[in-house]
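The chain contents come next:
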Amino acid sequence: MATKQKSVQTSVQDPMLDPVTGELRVIAPGHTFRSVTEKVTKIVLTHSTPGFWWFGAALSGMLTVMMLTAVAWLFLRGTGIWGITIPGAWGFAIVNFVWWIGIGHAGTLISAILLLFKQSWRNSINRFAEAMTLFAVLCAAMFPVIHTGRPWLAIYWLFPYPNTMNVWPQFRSPLIWDVFAVSTYATISVVFWYIGLIPDLGTMRDRAKHPAVQYIYGMLSWGWRGSVRHWIRFETASLLLAGLATPLVLSVHTVISFDFAVALLPGWHTTIFPPYFVAGAIYSGFAMVITLAIPIRKLYHLEDLITLRHIDNMAKVMLTTGWIVAMGYGTEAFMAWYSANKWEYFMFWNRMFGPMGWAYWFLITCNIALPQLMWIRKLRLNIPFMFVMSLIINTGMWLERFVIVVTSLYRDYLPSSWGTYKATRWDYMTYVGTWGFFTVLFFLFIRLLPMIPINELRMLLPSTKLKPHYPDAEVVVEGAD
Amino acid sequence: MKIAPPREGMYGLLAEFNTPGELVKAAQSAYNAGYRRMDCYTPYPVEEAAEAIGFTRYHDRTSLITLVGGLLGGLAMYQLETWVSIFAFPLNIGGRPLYSWPAFIIPAYEWTILWAGLSAAFGMMAMNGLPQLYHPLFNAPNFRDGATTDKFFLCLEATDPKFSKAESRAFLEKHAPISVVEVVY
């Protein structure tokens, strides 16, 4: 009550607070259908590419070249150039695969699950979160493929197709489940993203001045003209795709966790993995959305469309999923003791106090200890703090996968076959290179396509009073402008 | 494939409105006046406008297509797995059963979603008659600036039996549109 009253008083000074609910606004007051349309389309439909774009694209392009170099050398020399050994046969490649695909999950969560829950604040961040998903899945899918060493020979044991050797994949293997889960995830994400883009591509076609640009966007928009009959089917299809993407996104990280959980290795063979992996995926994905959203809103002056409300809400989602992940860690530790299984007990002792124990404590600091600062509202609304926090969580989540993959593998049942794991420069080059690859794709996306869904943004405006189920629609903006 | 002859003449009358409310009112009264061949064009989904011209979610077959697509996809993958594991490439691993159906569920589940999603997306576009890169409405001078940005359009089509150039124009003018434009092929 006190906060409500306070916000009513301060609403005179702060236009970003909603006078009715006392909440932060999803988008700044004073916008019209035309102003939001122009604001978003002008980023793309301009001759002048900003300097930071060239700088960022060049920098990430260089990292991409580094990745290509590392991959080319890998194809020439084989996976021996990596740090993988026996027993540590799963190194960076799998760590990075799980990390990247986890990042992708937040995009689908924002575009699908929050749509089903009618969380209309998601509308402004939905498109680029989904683009982030696509690019993250691309980076992720690369790793298991190059981990095969000779990927052009790997097709016949990944995909069921009639080949001259009469060999078919083994459908009882979680690795094959993975192929279907990840390829379906990539396909559905592309389709969902593209279908959502079509009306906006129509807008781009109509706002473009140059005939060639009009032609390209016209082709891409499939001739969208905004008929209400089309819109009704479009909305049905969007809801259906959201309804399908929701069980899909939950299944993808579940299936990935099966890669571990189905094995008999202490530290992998646990039933907590599926929910704990999914929560971790969403945790790291939201961190990545914040990492991307903060520079974008600053550089493209989108502070009135991607507002503090978005940052605040995402911070709350991270707090929640962070605690689910914490519960996962707790359960693992508890079961190591409660199961009275000496292999399990040793694995956990080794994970915490063994030669790589630093990684475990570093991960606990990044994923559990430091994020608790987000309970403080002032810090949640502090942009530099949230940016740093998102990087911390991304680091923590990478370390989590490192800890799961490496510290379980390098000391298992037989002390005589214990080993260690040390990544080589090629491992680091490939991993850091994928950051560049991801960023290059992202730079191209924000330069060529509307990064904020314009048609969904319009639905957040008060002028859509006919739609009563969007709560923001009923707010009468007085004294705006 | 039959190719439609080139058409000439008038496609319809296009009225432009500033707000969704005005559009819905005009569309509703056109429907009540007996017009059926008409459509509204809006920059974001205005469900009330679709209802006003007699198009509701019940006319929308997207869900059915999605259901059928999903079931077929799941069934296809399950059958493929069964056939591969029992007949095409049976692997005896420690005497475990060849028909190990619990393991087959996961790829079949993924394919159910894959084909349901593809059916939803492409089925929706197909029922919308898209891609259709040319449409007479794009000839209207004010259509492209408004329909995908901030204006709300009602088009009474000339093929409607009730349509008459003068009367329909007068009818539209009554609802105080910004403009009423003739759309030609």
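Residues numbered from 1 in each chain as written. Chains lettered and ligands numbered in written order. Predicted model: local features only at pLDDT ≥ 70, side-chain atom pairs only at ≥ 80, totals over all residues. Heavy atoms only, no water.

**A closer look at the overall build of chain A**
(1) Moving on: For chain A, the helix and strand inventory stands at 17 helices and zero strands.
(2) Moving on: Taken over the C-alpha trace, chain A has a radius of gyration of 24 Å; the compact-globule value for 481 residues is 23 Å, and the two agree within 12%.
(3) Moving on: Oriented by its inertia axes, the alpha-carbon framework of chain A measures out at about 75 × 60 × 40 Å.
(4) Moving on: In chain A, buried positions account for 59% of the 481 residues.
(5) Moving on: Considering only intrachain contacts with a sequence separation of at least 6, the fraction spanning at least 24 residues in chain A is 78%.
(6) Moving on: If you sum the accessible surface of chain A, you get close to 19500 Å²; carbon and sulfur atoms cover 71% of it. (Helix = DSSP H or I, 4+ residues; strand = E, 2+ residues; numbered from the N terminus. Rg over C-alpha atoms; globule rule 2.2 N^0.38 Å. Buried < 20%, exposed > 50% of the residue type's maximum accessible area, 1.4 Å probe, protein only. Contact = heavy atoms within 4.5 Å. Areas by Shrake-Rupley, 256 points an atom, 1.4 Å probe, with all protein chains shown as cover.)

**Topic: the overall build of chain B**
(1) Moving on: Looking only at helices and strands, chain B features six helices and four strands.
(2) Moving on: For 185 residues, the compact-globule estimate of 2.2 N^0.38 gives 16 Å, and the C-alpha radius of gyration of chain B, at 25 Å, exceeds that figure by more than 25%.
(3) Moving on: Each principal axis of the C-alpha distribution contributes one length, and for chain B these read about 85 × 35 × 30 Å.
(4) Moving on: Counting the 185 residues in chain B, one finds 49% classified as buried.
(5) Moving on: At a minimum sequence separation of 6, the contacts of chain B that also span at least 24 residues come to 79%.
(6) Moving on: Accessible surface for chain B amounts to roughly 9100 Å². Of this, 63% is attributable to carbon and sulfur atoms.
(7) Moving on: Looking at charge distribution, chain B has the averaged site of its 14 positive side-chain charges lying 5 Å from that of its 17 negative ones. (Lys, Arg positive; Asp, Glu negative; His and termini not counted. Charge placed at Lys NZ, Arg CZ, Asp CG, Glu CD.)

**Some details on the interface of chain B and chain A**
(1) Moving on: With 71 residues of chain B in contact, the opposing surface of chain A contributes 60 residues.
(2) Moving on: At the boundary of chain B with chain A, total buried surface from both sides reaches about 6000 Å², with 66% on carbon and sulfur atoms.
(3) Moving on: Among the residues chain B hides against chain A, the three largest losses belong to Tyr44(B), Pro45(B) and Thr148(B). Together they make up 11% of the total.
(4) Moving on: Here chain B is connected to chain A by five salt bridges.
(5) Moving on: Here Arg229(A) makes a salt bridge to Asp39(B), at a shortest N to O gap of 3.5 Å.
(6) Moving on: The interface formed by chain B and chain A holds 28 residue pairs in polar contact (both at pLDDT 80 or more) in total.
(7) Moving on: When contributions to the side of chain B that touches chain A are tallied by element, the ones reaching two or more residues are helix H1 (20–32), strand S2 (38–41), helix H2 (47–52), helix H3 (62–88), helix H4 (101–127) and helix H5 (143–146) of chain B. (Buried area = accessible area lost by both parts, 1.4 Å probe. Salt bridge = Lys/Arg side-chain N within 4 Å of Asp/Glu carboxyl O. Polar contact = N/O pair within 3.5 Å; in protein donor to acceptor, adjacent residues only side chain to side chain.)

**Regarding the packing of aromatic side chains**
(1) Moving on: Tallied over the entire structure, the rule returns 61 aromatic pairs over all chains.
(2) Moving on: Ring centres of Trp53(A) and Trp54(A) lie 5.1 Å apart, and the angle between their planes is 90°; this geometry places the pair in the edge-to-face category.
(3) Moving on: Overall, Trp54(A) belongs to the exposed group, its relative accessible area being 53%.
(4) Moving on: Here Phe260(A) and Trp268(A) contribute two aromatic rings whose centre-to-centre distance is 4.9 Å and whose plane-to-plane angle is 85°, an arrangement assigned as edge-to-face.
(5) Moving on: In this arrangement the basic side chain of Arg36(B) is found over the ring face of Tyr31(B), its NZ or CZ atom lying 3.7 Å from the centre.
(6) Moving on: A cation over an aromatic ring shows up here: Lys162(B) above the ring of Tyr35(B), its NZ or CZ 5.4 Å from the ring centre. (Phe/Tyr/Trp six-rings, centres within 6.5 Å; stacked < 30°, edge-to-face > 60°. Lys NZ or Arg CZ within 6 Å of the ring centre and 35° of its normal.)

**Digging into the packing of helix H11 (residues 308–338) of chain A against helix H15 (residues 383–409) of chain A**
All names here are of chain A.
(1) Moving on: With their axes 12 Å apart at the nearest point, H11 and H15 run at an angle of 30° to one another. With respect to each other, H11 and H15 are oriented roughly parallel. Seen from above, H11 lies across H15 with left-handed handedness. The segment H11 lies against H15, with Leu308, Ile311, Ala315, Met318, Val325 and Tyr329 engaging Ile383, Met386, Ile393 and Glu400.
(2) Moving on: Classifying every residue of the contact of H11 with H15 by side-chain character gives nine nonpolar, no polar and one charged. (Axes fitted to C-alpha atoms, helices over the stretch in contact; angles between N-to-C directions. Parallel < 35°, antiparallel > 145°, perpendicular 65-115°, else oblique. Left-handed = near helix turned anticlockwise from the far one by under 90°. Nonpolar A, V, L, I, M, F, W, Y, C, P; charged D, E, K, R; others polar.)

**Points about the confidence of the model for chain B**
(1) Moving on: Model confidence for chain B is summarised by a mean pLDDT of 88, while 97% of its residues fall at 70 or above.
(2) Moving on: Interface confidence in the predicted complex, given as ipTM, is 0.90; pTM for the same model is 0.86. (pLDDT = per-residue confidence, 0-100.)

**Brief notes about the sheet that holds S2(B)**
The pairing of strands in a sheet happens through backbone hydrogen bonds and is either parallel or antiparallel.
Residue and element names in this part refer to chain B.
(1) Moving on: Spatially, four strands are ordered S2-S3-S1-S4 in an open sheet, and the strand pairing comes out antiparallel. Two strands lie at the open edges of the sheet, namely S2 and strand S4 (179–184), each paired on one side alone. Each adjacent strand pair in this sheet contributes to an overall mean axis angle of 20°, direction not counted.
(2) Moving on: Here strand S1 (residues 10–17) pairs with S4 via six bridges, running antiparallel. Within S4, the residue paired with Gly12 across the bridge is Val183. (Pairing = 2+ DSSP bridges.)

**A look at the pairing of strand S3 (residues 152–157) of chain B**
Residues and elements named next belong to chain B.
(1) Moving on: In terms of burial, S3 is largely enclosed, as six of its six residues are buried.
(2) Moving on: Every second residue of S3 is oriented toward a common face, with Phe152, Leu154 and Leu156 on one face and Phe153, Cys155 and Glu157 on the other, all of them buried.
(3) Moving on: Taken together, the six bridges between S1 and S3 define a ladder with antiparallel strand orientation. In the sheet register, Phe17 faces S3, and the bridge partner there is Phe152.
(4) Moving on: As paired strands, S2 and S3 are joined by four bridges and run antiparallel to one another. Considered in S3, the bridge of Asp39 is made with Cys155.

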